[in-house]
Amino acid sequence: MIKKHVVFIVNPRSGVDRKKTITNAIDANLDKDLYTYEILNTQFAGHGTALAKEASRNGAWAVIAVGGDGSVNDAVQGLVGTDTIFGVIPKGSGNGLARNMRVPLTTEGAIKVISSGKTVNMDIAFANGRPFISNAGVAFDALISKQFAKSRRRGLLVYGWLVTKGMWQYKPLDWQITIDGREIKEHAFMVNVANGQQFGYNFKIAPMASYTDGILDVIVIRKFPKILGAGLVYRAMNGTIVSSPYVKHYSGKEISICNPSLRLMQRDGDAHDCEHKINFTVQQGALKVLVP
C-alpha cells in the first residue's frame with residue numbers, strides 16, 4: 001500500500017519553535033503504516049502560502065498548518081483550487097478555526113484527528129478575491145486585529161484589554177451594505193462577514209454560521225451605550241449575541257460593504273489595508289478539511 005504524505009507547516013512565531021517536541025508528538029500519534037511526513041518552518045510573512053502551494057504541486061496528501069489563525073489563512077491561500085487536504089494543529093492564541101471545527105487544542109489530540117483521515121468539504125469565503133475561512137471585518141474588529149498583531153503579549157487578557165479600551169474610543173460609521181442585491185444602510189460599530197462562528201477564545205460573533213452551507217452571515221453591531229459593552233461580550237461568549245437589540249443578522253451569498261473612509265479590514269484576524277468597497281463571495285465545499 002502506498003503511504004500518504006503529510007506536510008506540516010510550522011510558524012515558529014506562534015510559540016512552536018520546539019521542533020523536536022512537535023516531531024516527537026507526530027511520531028507518537030501519526031499512523032506510520034498509513035502516512036509519511038515532513039516538517040517545514042515558515043521564514044517570513046506569507047511563506048506558508050508558498051510552502052503549501054509547493055507541497056500540493058509535489059503531491060502531498062495533506063498540508064497541516066501548525067500555528068494560529070494567521071498561519072491557517074496562509075496555508076489555505078496556497079491550497080484553494082487544489083485536491084490537497086488541509087488540517088490544523090492549533091498553536092495560536094485564539095485558535096478560532098480549530099475551536100469551530102472542534103479540533104482538540106492539544107498537539108497530540110490534533111495529530112490523532114489527522115491520523116484518522118476523516119474530512120468534510122469546507123466553504124471558502126473571499127474578500128475582493130482574497131480567501132478567508134472564519135470571518136472578515138471592516139470596522140472595530142479590524143482595528144483590534146491590527147493592535148493585537150502589534151502587541152508583544154498574547155492571550156485572552158491582552159485581547160480583552162484592547163477590546164475594552166477601544167470600545168470607549170471607537171466611533172460608529174455609516175455603512176452601505178448590499179446582500180444579494182438588497183441594499184441596506186447601517187450606522188454601525190462593527191460589520192463582520194462570517195463563514196465560521198468565532199474570532200477565537202470562544203468569542204462567537206456568528207453562532208449560527210456554518211462553514212458547509214454555502215452562505216455567509218453578516219453581523220452588524222449597531223451603536224450601543226458603552227456601559228453595556230460588557231454585556232455584549234458576555235453574549236458573544238455564551239452564543240447569544242444576535243439576541244441583543246443592538247445586533248442585526250443578515251445572510252447571503254454575494255455581499256458588498258462600502259464606506260468612503262474605509263481603509264482597513266481584517267481576514268481571519270490578519271489586518272491589512274483595503275479599498276473603500278469590499279466584495280464578499282463564498283465558494284461552497286472548496287476545500288477538504290480534516291475533522292474529528
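Our subject in this report is the structure included herewith. Source: prediction; values computed, not measured.

## Focus: the overall build of the protein chain
Phase 1: What the protein chain contains, in helices and strands, is eight helices and 15 strands.
Phase 2: Expressed as a percentage of the 292 residues in the protein chain, the buried residues total 52%.
Phase 3: Partitioning the intrachain contacts of the protein chain with sequence separation of at least 6 by distance along the chain shows that 71% fall at a separation of at least 24.
Phase 4: Total accessible area on the protein chain stands at roughly 13,500 Å², and carbon and sulfur atoms take up 50% of it.

## Section: the pattern of salt bridges
Phase 1: Tallied over the entire structure, the rule returns one salt bridge.
Phase 2: In this structure, Arg222 and Glu186 form a salt bridge, with 2.8 Å as the shortest nitrogen-oxygen distance. Within this pair, whereas Arg222 is found in strand E10 (residues 216-222), its partner Glu186 is found in strand E9 (residues 182-194), the two being separated by 36 residues in sequence.

## Some remarks on helix H3 (residues 69-79)
Phase 1: Within H3, eight of the 11 residues are buried, leaving the element largely enclosed by the surrounding structure.
Phase 2: After H3 finishes, the residue Gly81 shows a positive phi value of roughly 90 degrees.

## Looking at the nonpolar core
Phase 1: By size, the foremost hydrophobic cluster in this structure holds 46 residues, and its most contacted members are Phe8, Ile64, Val72, Phe86, Ile89 and Met101.
Phase 2: In this structure, Val72 is in contact with Ala65, Phe86, Val88, Leu97 and Ile133, ignoring residues within four places of it in sequence.
Phase 3: Judged by nonpolar contacts, the second largest core, of 43 residues, contains Ile184, Val193, Ala206 and Val282.

## Focus: unusual backbone geometry
Phase 1: The backbone of Arg102 sits at a positive phi, close to 65 degrees, despite the residue not being glycine.
Phase 2: Of note, Arg102 is situated in the loop between helix H4 (96-101) and helix H5 (107-116).
Phase 3: Judged by its relative accessible area of 67%, Arg102 is exposed.
Phase 4: Positive phi is not limited to glycine here, since Asp268 has a value of about 50 degrees.
Phase 5: Within the secondary structure layout, Asp268 lies in the loop between strand E13 (264-267) and strand E14 (270-273).
Phase 6: Residue classification places Asp268 among the buried residues on the basis of a relative accessible area of 8%.

## Some details on the packing of aromatic side chains
Phase 1: Here the structure, examined in full by the defined rule, presents six aromatic pairs.
Phase 2: Ring centres of Tyr35 and Trp61 lie 5.2 Å apart, and the angle between their planes is 40 degrees; on these two criteria the pair is classed as tilted. A residue pair is termed long-range when its members are at least 10 positions apart, and Tyr35 in strand E2 (residues 35-41) and Trp61 in the loop between helix H2 (47-57) and strand E3 (62-67) qualify at 26 residues. Assigned by exposure class, Tyr35 and Trp61 land together as buried.
Phase 3: Relative to Phe189, the ring of Phe140 lies with its centre 4.5 Å away and its plane at 35 degrees, an arrangement referred to as tilted. Residue Phe140 is located in helix H6 (residues 140-150), and its partner Phe189 is located in strand E9; the two are separated by 49 residues in the primary sequence. As far as the burial class goes, Phe140 and Phe189 line up, both buried.

## Points about the side chain of Asn195
Phase 1: Tracing the chain through its elements places Asn195 in the loop between E9 and E10.
Phase 2: Reaching out from Asn195, the side chain makes a polar contact with the backbone oxygen of Ile133 at a distance of 2.9 Å.

## Concerning the pairing of strand E5 (residues 119-127)
Phase 1: Here eight bridges tie E5 to strand E15 (residues 277-290), and the two strands are oriented antiparallel to one another. Opposite Thr119, over in E15, you have Leu290 as the bridge partner.
Phase 2: For E5 and strand E6 (residues 130-132), the ladder comprises three bridges, and the chain directions are antiparallel. The partner of Ala127 across the bridge, within E6, is Arg130.

Cut-offs used in this document
Residues numbered from 1 in each chain as written. Predicted model: local features only at pLDDT ≥ 70, side-chain atom pairs only at ≥ 80, totals over all residues. Heavy atoms only, no water. Helix = DSSP H or I, 4+ residues; strand = E, 2+ residues; numbered from the N terminus. Buried < 20%, exposed > 50% of the residue type's maximum accessible area, 1.4 Å probe, protein only. Contact = heavy atoms within 4.5 Å. Areas by Shrake-Rupley, 256 points an atom, 1.4 Å probe, with all protein chains shown as cover. Salt bridge = Lys/Arg side-chain N within 4 Å of Asp/Glu carboxyl O. Core = buried A, V, L, I, M, F, W, Y, C linked by side-chain atoms within 4.5 Å. Phe/Tyr/Trp six-rings, centres within 6.5 Å; stacked < 30°, edge-to-face > 60°. Polar contact = N/O pair within 3.5 Å; in protein donor to acceptor, adjacent residues only side chain to side chain. Pairing = 2+ DSSP bridges.

Remember, this is a structural readout, not a statement about activity or role.
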